2 protein chains.
Amino acid sequence: MSKLENPIQEELSKEKPKYKVIGTRPIRHDGTDKVTGRAIYGADVKISGLLHGKILRSPHAHARIRSIDVSRALALPGVKAVVTAQDLPPVADKIEELGEGAINIKYLQENILAREKVLYKGHAVAGVAAINPHIAEEALALIEVDYEVLPPVLGVRQAMREDAPLLHPDLKTKSLGEKTDKVSNIAQHIQYKLGDPEKGFQEADFVIEREFTTSTVHQGYIEPHNATALWNADGNLTVWCSTQGAFMAQRQLSDVLQIPVSKIKVIPAEIGGGFGGKIPIYLEPVAALLSRKTGRPVKIVMSRTEVFEGTGPTPASYIKVKMGVKRDGRIVAAQAYLAYEAGAYPGSPINPGCMCIFAPYNIPNVLIDGYDVVVNKPKTAAYRAPGATNAAFASETVIDEICEQLGMDPLQFRLLNGAKEGDRKADGLPYPRIGYLETVEAAMKHEHYQTPLKGPNRGRGVASGYWFNVGLQSSAIISVNADGTVSLVEGSTDIGGTRTSVAMQAAEVLGIAAEDVRPVVGDTDSVGYTDVTGGSRVTFATGWAAYEAAQDVKRQMIERAAKIWGVSPEEVTSVEGVFQLSKDPEKRMTFKELAAQLSKTGGPVVGRATVAPRGVGGAFATHIVDVEVDPETGKVQILRYTAVQDAGKAIHPSYVEGQMQGGVAQGIGWALNEEYFYTPDGRMANASFLDYRMPTCLDLPMIDTVIVEVPNPGHPFGVRGVGEVPIVPPAAAIANAIYRAVGVRMRHLPMSPGRVLEEILKKNQKS
Amino acid sequence: MSKLENPIQEELSKEKPKYKVIGTRPIRHDGTDKVTGRAIYGADVKISGLLHGKILRSPHAHARIRSIDVSRALALPGVKAVVTAQDLPPVADKIEELGEGAINIKYLQENILAREKVLYKGHAVAGVAAINPHIAEEALALIEVDYEVLPPVLGVRQAMREDAPLLHPDLKTKSLGEKTDKVSNIAQHIQYKLGDPEKGFQEADFVIEREFTTSTVHQGYIEPHNATALWNADGNLTVWCSTQGAFMAQRQLSDVLQIPVSKIKVIPAEIGGGFGGKIPIYLEPVAALLSRKTGRPVKIVMSRTEVFEGTGPTPASYIKVKMGVKRDGRIVAAQAYLAYEAGAYPGSPINPGCMCIFAPYNIPNVLIDGYDVVVNKPKTAAYRAPGATNAAFASETVIDEICEQLGMDPLQFRLLNGAKEGDRKADGLPYPRIGYLETVEAAMKHEHYQTPLKGPNRGRGVASGYWFNVGLQSSAIISVNADGTVSLVEGSTDIGGTRTSVAMQAAEVLGIAAEDVRPVVGDTDSVGYTDVTGGSRVTFATGWAAYEAAQDVKRQMIERAAKIWGVSPEEVTSVEGVFQLSKDPEKRMTFKELAAQLSKTGGPVVGRATVAPRGVGGAFATHIVDVEVDPETGKVQILRYTAVQDAGKAIHPSYVEGQMQGGVAQGIGWALNEEYFYTPDGRMANASFLDYRMPTCLDLPMIDTVIVEVPNPGHPFGVRGVGEVPIVPPAAAIANAIYRAVGVRMRHLPMSPGRVLEEILKKNQKS
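Residues numbered from 1 in each chain as written. Chains lettered and ligands numbered in written order. Predicted model: local features only at pLDDT ≥ 70, side-chain atom pairs only at ≥ 80, totals over all residues. Heavy atoms only, no water.

## What about the pattern of salt bridges?
For side chains bearing opposite charge, pairing can occur when the charged atoms are close. Quick reminder of the rule: Salt bridge, as applied in this entry: a Lys or Arg side-chain nitrogen positioned within 4 Å of an Asp or Glu carboxyl oxygen. Numbering of helices and strands runs from the N terminus, with a helix taken as a DSSP run of H or I at least four residues long and a strand as a DSSP run of E at least two residues long. Accessible area is worked out with a 1.4 Å probe on protein chains only. A residue is then buried under 20% of its type maximum, exposed over 50%, and partly exposed in between.
Scanning all chains against the criterion turns up 103 salt bridges over all chains. Here E657 of chain B and R25 of chain B are joined by a salt bridge, their closest N and O atoms 2.9 Å apart. Taken together, the residues span a long stretch of sequence, with E657 of chain B in helix 19 (residues 653–672) and R25 of chain B in the loop between helix 1 (7–15) and helix 2 (31–35) at a distance of 632 residues. Assessed through its relative accessible area of 46%, R25 of chain B is described here as partly exposed. A salt bridge links K121 of chain B to E309 of chain B, with the nearest nitrogen and oxygen atoms 2.9 Å apart. On the criterion of sequence distance, the pair formed by K121 of chain B in the loop between strand 6 (117–118) and strand 7 (124–130) and E309 of chain B in helix 10 (residues 304–310) is long-range, its members being 188 residues apart. If you follow the salt bridges from partner to partner, you end up with R28, D30, K34, E270, D494 and R499 of chain A in one network.

Next comes the structure, spelled out in structure tokens:
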């Protein structure tokens, strides 16, 4: 879009500092390797003497393991080892923070190899290592497991019933932070309270309350999970895997195998998508145990079906939202009840769901109850703004109904109620400088919103979303090369082009080109501790580490220039990569010129930095979507989509836009088609990309993006984090558009043709 | 040996600081990988789509290349590419320092692929890449090279003659630093002068002058040269190879291929020995060119014959030594003439030869002339104390004759004339604190020297040697792990256990165990610039970088402790890994305890350092050897060997002893058997380990070692560097022992049975 159409950006651009590198669009450093097939992914790892592993998985959704007999499998020629939970050390209860969620390592271990019970179809029971994958596969069939099949519980509300089958006889509900003696499938009940909700609803001129449900959805990354492990004779374990965080994988391995982190080296391969799903480990410990037993490296790669059935999807959920408003449109009270499926073990993204559900609005009286509930499905994992999409689907469609009743433009309504700096969040803390209202204004003024939508069965919907983003810890090292380029070592797995967005921040400080920075993602032995690639933190936090490491380099380069000119460092300035002697403009050296002299003036220059930043800036998005609904089939066609988002500062606009478009595409899939179909006995009926319907390019229009830049005061360049929030609004925006198109309110995800048609038929019967 | 036998060590130990880690003998970090075959060497590198390369080498010692026709080779099915010098870019004259010697990159390039002329048998002419090594081999035979064969010149003195065939019609002699117009095979004439040599000889009571010759000898490392290259579509070149310095290989590749260093990533594999021979590059650029032509990775591995004929041995030499002494035994004047074979291109270790020949002695009047001469043999490379062994063989046997004439104990003579702090070297500069006299005293007091040697045809010889050692540049990074261990990234290829000797210096500073440091040798993108593993510099310089990086970590850890205790860093002390609050002894934390708290107190801690140290400390050695000579066959049996050496400070005594024993073993091989046998037309007649006679365990006694520790004031722990000097004295010591055994003075290396027998027969004829 041209600037004219977005006065906010114009207004902002006035105060914007001028950057040389930041805001430009260099080609990503790993681009060629990835398009030419040179990049090494986990499945490409080759080592001498490699064995191949396979995992035996439970055919039942819920069963007690009476016994496992591996003797016949071991007898098969070519089979080198078989492992079960018996090969894992006992572990004590301990909650491990994984950057996007936490898990009790006892459960983490049981999820990797089931002990007494299997809790979902696809639950790993044993691992086999053989001289080739086919023999390993064959051996699985020879492992005899004696199961006592138990009734499964597959829905969050059924699981919450008193009479529901219990997954964990020892699971006591944690309520409002306190452990209770109540044994149930409810792992946790959390609550957020602001003001006096009861009073608030009394003051309201009218109140709307609605119920919503969403289905289990998978991240659907292209690359299946994989792990190669070599447990060396000296007790050192090396693991190559596809992970969102090498140090996170190292810590989980340390917890599960009960060996010190320093005995474990995790080498992160390139990663073919993760979206939160590649934070927990699955195959790594099994490959490690098989390697310890055989003394040889062992590689395990999942099939697509294993990925669907054996790894963490995002939770199905039940949500009830109640909102009270004044005639003038001001929201006076809001209440939400959210019950999220954790899967087989506690740990759904219920907390972020609660934190995000009303986040875009300034509401004086709020009550939010959240429930984390175990069911006989795979343990859920993080998925792009975990928990927020379900929540926004509920709150943002209720708001659309309110606007309808008020006869008020939905964006106007958001301008009126939207949160701004100083307003209190559900947790009672005030917002720092945020850019929500700017996204709403940008959307209102956008040509898309200004252009009326014509034609039958067509409708336009809007919705907003919030993600708080995280900071955590990152490290970076920068070494200056003799030709004036620099090498940058960082610890963040590069999923969305972060090698480049991190390198650009170093380049900006040093006044050199982004191409003159050579970024490397180090393994756990080769770089300082760095947290997971998730929470939209890499460009923010690892970028900050690169910024500080570059400052460290700059300081030393100034000292060298001073040494060469025989002056004190204070007399030397460095502007845009040119070192200059203040008092003598003749005395100047470019970064490259000075770099060439380092060896003769005291040796190489290396800069280092570690950060644990606090000033994380939350991100808001407001989306506009036009749809056409086929009244005969219920099929929803996306006609046009515009995503507006506050990036704080867009380091590499193309990658920000890519994240926005990717988030919207996934949101559309979630909204319209994606879901796990379960048989009554708990088997997934569509565990393949043929049957699990993800959107293809044919389903999607070109997604228009508008980057709003309200710099985050908590980051040197104003970065917020952009990866997650764009998946939050789509489901709600599309639901609102469907209503405008054919007059039916969809309150279940996905809004697949069948369900939409059903609602249309119901409506037609009524009328 | 017990302390009693070595009062110097006792005396020194009094003033010695007490260390926790330094001086102990932990198991090397890479030990298990190497004994279990897990360590990845260059030949183990595996990449998808790998092609295999072979090198066509000249059958002639000296010839002009009229034409090369590769068409038939290219036509062979399975052959993917052929390269010749025509594929290399033109380069200008430029001298490149390689850490142990320098070379004109024009010559470096011609040595990699011959242009107009081949200058030695085995000179690379073309490279072939094919789908397997056998087809590549086959293709070599199909390359038609039309040679105009020229007469070769194979000896240094023949090459210096006016009428000698010229290798380089454009090579003008550089004399005393000045370029002359004289075209010859003499590349350079250097000179060192001290005092008034002429006057000195006049003052002498008697003068002895002798001539010596030595043969070409190879380092004989176990692992042949290898290189795998991938020239990517984006212009980035990645090279895996066996090298003594990844950054050195990167720079040579940049020079030879004329692309910036930052476009080249060199990944150093484990290395199976180098001894100086793996500093120059040979296969790397050819593999790179073949990769660029094919778009696929290409691996080339040399055969043993290629290593002998195609890589750099140490020079054959002609040396004349003249010394004048007073009756009281004081040396008043010394003169030396050294002519070293450079091989096909200029660059023999003539300068170190000149620097070392009289270095152990304090001589008022000295004249040393050195000549660097090209001959039709492979370009020489560094070999353990390059040039010093040849020189010491001459000077130390002359001194033995002097002692004989004086009737003076040879060690007593060395005590009288030995160099000490303040005495001037040949370059006119005074010595800093050195430990030569301490090695002589230790040898004299050693039980070996105290015990008379009995029996016929037996003799005892002694000799001393010197190596100056080098500093250059190194970098190190240390990251603290949550469990209180640290990861250390350094850039020095580990040949002699330096991962451990470097890690130990970091451990000493941090007060943790050597095993709690995880050392990693980084590639050129992953660590700061670090010079070659050579010149006995790694434990000295890279160890120093580790020391400084550890200090950087320590500073930050103290700040964290201060933060936790809410005090200023000045109030916190750190002794042997325990952080303590000065004013409150209750407040104390171990390194591990503090490490566990980093994430909550500001994030990870990473330390960095780069060094370009000046305070290099030279190393002296004095050796004692007992031999028995078989008068029937001339075979020399080593009965007993004791090596005394000043290590400055022995970080890991076992590895110091290992270096001493290794140096002696190689020195014995050089002394008694090793040599290149050349046919008159310049072909090596013994280019295999079957015919090139290296010592086996059956040829060697257990080599006794005495480490003398005279700390180098120029290093925080007093390290000098120990790898090279032990190869310097053996040849001379054995020659002196042979004389004592059977009364013949050997003045040619090797002193093989035939040659010894010849001298014995000559002597018997005389008498």
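## A few points about the domain arrangement of chain A
Interfaces are often described in size by the accessible area the parts lose on coming together. All names here are of chain A. Where we set the bar: In this entry, domain limits derive from an automatic or database-based domain assignment. Contacts are assigned to residue pairs with any non-hydrogen atoms lying within 4.5 Å of each other. Defined in terms of a 1.4 Å probe, buried area is the accessible area two parts forfeit on being brought together, summed over both.
Under the domain assignment used here, chain A contains domain 1 (3–39 + 471–611) and domain 2 (387–469 + 616–766). Put simply, the middle of domain 1 and the middle of domain 2, counted by C-alpha atoms, are 36 Å apart. Taken together, the contact between domain 1 and domain 2 spans 30 residues of the former and 33 residues of the latter. Taken together, the two surfaces of domain 1 and domain 2 that pack against each other cover about 2600 Å², and 62% of this comes from carbon and sulfur.

## Quick word on the relation of the copies chain B and chain A
To be explicit about the condition: Least-squares superposition of the copies uses the C-alpha atoms of those residues scoring a pLDDT of at least 70 in each of them.
Its rotation angle being 180°, the transformation that places chain B on chain A also includes 0.0 Å of axial translation and leaves an RMSD of 0.0 Å. Here the symmetry operator amounts to a two-fold rotation axis. Mapped onto chain A, 100% of the interface residues of chain B are again interface residues, and the two copies thus contact each other with one and the same surface.

## Topic: the confidence of the model for chain A
Residues and elements named next belong to chain A. Formally: As a per-residue measure, pLDDT tells how confident the predictor is, with possible values from 0 to 100.
Per-residue pLDDT for chain A averages 95, and the proportion of residues at 70 or more is 98%. Below a pLDDT of 50 lies the segment residues 1–13, which in the model reaches 22 contacts outside its immediate sequence neighbourhood of four places, other chains included. Interface predicted TM-score (ipTM) for the complex: 0.91; the corresponding pTM is 0.93.

## Some points on the sheet that holds strand 9 (residues 172–175) of chain B
All names here are of chain B. To keep things clear, this is the line we draw: When DSSP locates at least two bridges between a pair of strands, those strands are taken to pair.
The strand order 10-9-11-19-18-17-12-31 describes an open sheet built from 8 strands, whose pairing is mixed. This sheet does not close on itself; its edge strands, each paired only once, are strand 10 (178–183) and strand 31 (748–749). Inspection of the sheet shows strand 11 (residues 186–194) paired to strand 19 (residues 365–374) by 8 bridges, in the antiparallel sense. From the neighbouring strand, I190 faces strand 19, where its bridge partner is G370.

## Quick word on the nonpolar core
Formally: Throughout, nonpolar core names a set of buried Ala, Val, Leu, Ile, Met, Phe, Trp, Tyr and Cys residues whose side chains join them through atoms within 4.5 Å.
Membership of the largest hydrophobic core comes to 139 residues, with the highest contact counts inside it found for L113, L237 and L257 of chain A together with L113, L237 and L257 of chain B. Counting residues in each nonpolar core, the second largest holds 107 residues, with F308, I363, V440 and I727 of chain A among its members.

## Brief notes about the interface of chain B and chain A
Stated formally: Under the scheme applied here, ten amino acids are nonpolar (Ala, Val, Leu, Ile, Met, Phe, Trp, Tyr, Cys and Pro), four are charged (Asp, Glu, Lys and Arg), and all others, including Gly, are polar.
Each side of the interface is counted separately: chain B has 54 residues, and chain A has 54 residues. Roughly 4000 Å² is buried in total at the junction of chain B and chain A, and carbon and sulfur atoms are behind 49% of that figure. Contact with chain A buries surface across chain B, with R38, R518 and R608 of chain B losing the most and accounting together for 17% of the total. At 5 residues, the largest contribution of residues to the side of chain B that touches chain A is made by strand 27 (residues 606–611) of chain B. Tallied by class, the residues present in the side of chain B that touches chain A amount to 17 nonpolar, 24 polar and 13 charged.

## Looking at the sheet that holds strand 23 (residues 517–521) of chain B
Residue and element names in this part refer to chain B. Condition: The convention used is that axes are lines fitted to C-alpha atoms, helices contributing only their stretch in contact, and that angles between N-to-C directions extend from 0 to 180 degrees.
Taken in spatial order, the 4 strands line up as 23-22-21-27 in an open sheet, and their pairing is mixed. The open sheet has two edge strands with one neighbour each: strand 23 and strand 27. Within this sheet the neighbouring strands show an average axis-to-axis angle of 15°, counted without direction. Strand direction decides the pairing type here: strand 21 (residues 474–480) and strand 27, joined by 6 bridges, are antiparallel. Along strand 27, the bridge assignment pairs I477 with R608. Contacts between helix 16 (residues 498–510) and the sheet are confined to strand 21, strand 22 (486–490) and strand 23, with strand 22 contributing the most and set at about 130° to the helix.

## Describing helix 14 (residues 436–445) of chain B
The element helix 14 of chain B is extensively covered by neighbouring structure, given that 8 of its 10 residues are classed as buried. For helix 14 of chain B, the complete set of buried residues consists of Y436, L437, E438, T439, V440, A442, A443 and M444 of chain B.

## Things to note about the packing of helix 4 (residues 105–112) of chain B against helix 8 (residues 246–257) of chain B
Residue and element names in this part refer to chain B. Rules: Orientation categories follow fixed angle ranges, with anything under 35 degrees roughly parallel, anything over 145 roughly antiparallel, 65 to 115 roughly perpendicular, and all other angles oblique.
Relative to each other, helix 4 and helix 8 sit at 85°, their axes nearing to 9 Å. One way to sum up the angle between helix 4 and helix 8 is to call them roughly perpendicular. Contact residues: helix 4 offers I105, L108, Q109 and I112, while helix 8 offers Q252, D255 and V256.

## Notes on the pairing of strand 25 (residues 578–581) of chain B
Residues and elements named next belong to chain B. Where strand 24 (residues 572–575) and strand 25 come together, 4 bridges link them in antiparallel fashion. Considered in strand 25, the bridge of V572 is made with L581. Linking strand 25 to strand 26 (residues 584–590), which pair antiparallel, is a turn of 2 residues.

## Let's talk about the side chain of N712 of chain A
Residue and element names in this part refer to chain A. Cut-off, in case you're wondering: The definition of a polar contact used here is a pair of N or O atoms within 3.5 Å, where within protein one atom must be able to donate a hydrogen and the other to accept one, and adjacent residues in sequence count solely through side-chain atom pairs.
Inspection of the secondary structure assignment puts N712 in the loop between strand 30 (703–708) and helix 20 (730–742). Of note is the side chain of N712, whose polar atom sits 2.9 Å from the backbone oxygen of G615. At 2.7 Å, the side chain of N712 and the backbone nitrogen of G714 are in polar contact. Here N712 is in contact with F540, G615, V616, G617, G648, G718, V719 and R720, once residues within four sequence places are set aside.

## Here we look at empty space enclosed by the protein
Residue and element names in this part refer to chain A. Operational definition: Every definition here rests on a 1 Å grid over the protein atoms only: cavities are sets of points where a 1.4 Å probe fits but cannot get out, pockets are open sets enclosed by protein on both sides within 12 Å along at least five of seven lines, and lining residues have some atom within 4 Å of a point. Grid points are joined across faces, edges and corners, and a volume is the space filled by probe spheres set on the points.
Inspection of the entire model under this criterion finds 13 cavities of 30 Å³ or more. Considering the residues around the largest cavity, the lining is formed by L194, C354, M355, F358, A359, Y361, I363, V366, R424, K425, A426 and Y431. Of the residues assigned to the lining of the largest cavity, the class counts are 10 nonpolar, no polar and 2 charged.

## Re the packing of helix 12 (residues 388–406) of chain B against helix 13 (residues 410–417) of chain B
Residue and element names in this part refer to chain B. Contact geometry of helix 12 with helix 13 gives a least axis separation of 9 Å together with a crossing angle of 105°. With respect to helix 13, the axis of helix 12 lies roughly perpendicular. Touching E396, I399, D400, I402, C403 and L406 of helix 12 are P410, F413 and R414, all from helix 13. Grouping the constituent residues of the contact of helix 12 with helix 13 by class yields 6 nonpolar, no polar and 3 charged.

## Description of the side chain of R384 of chain B
Residue and element names in this part refer to chain B. Heads up, the condition is: As used throughout, the charge tally considers Lys and Arg to be positive and Asp and Glu to be negative, leaving His and the chain termini uncounted.
The residue R384 is located in the loop between strand 19 and helix 12 in this model. E724 is the oppositely charged side chain nearest to the buried, salt-bridge-free R384, at an N-O distance of 7.4 Å. Among the polar contacts listed, one links the side chain of R384 to the backbone oxygen of G723, at a separation of 2.8 Å. Residue contacts for R384: discarding those within four places in its chain leaves F275, Q659, G662, G663, Q666, G723, E724 and I727.

## Focus on helix 5 (residues 133–140) of chain A
Residue and element names in this part refer to chain A. The test is simple: Arc definition: it is the arc formed by the directions from the helix axis to the C-beta atoms.
For helix 5, the full list of buried residues reads I135, A136, A139 and L140. Projected down its long axis, helix 5 carries its buried residues within an arc of 150°, all on one side. Looking at the buried side of helix 5, the elements it contacts are strand 1 (51–57), helix 3 (71–75), strand 3 (79–84) and strand 7 (124–130). In this structure N132 caps helix 5, since a side-chain oxygen of it lies 2.9 Å from the backbone nitrogen of H134.

## Digging into the environment of V82 of chain B
All names here are of chain B. Tracing the backbone shows V82 in strand 3 (residues 79–84). Taking the relative accessible area as the measure of exposure, V82 reaches 5% and is therefore buried. Leave out the neighbours within four places in its chain, and V82 touches V70, A73, L74, D87, G127, V128, I143, L290 and K293.

## Notes on unusual backbone geometry
The phi torsion of most residues other than glycine is negative, and most of the peptide bonds are trans. Here the amide bond leading from L749 of chain A into P750 of chain A is cis, since omega sits at -5°, within 30 degrees of zero. Along the chain, P750 of chain A turns up in the loop between strand 31 (748–749) and helix 21 (753–766). Positive phi outside glycine occurs at F275 of chain B, with the angle close to 60°. By the secondary structure assignment, F275 of chain B is in the loop between strand 15 (264–268) and helix 9 (284–294).

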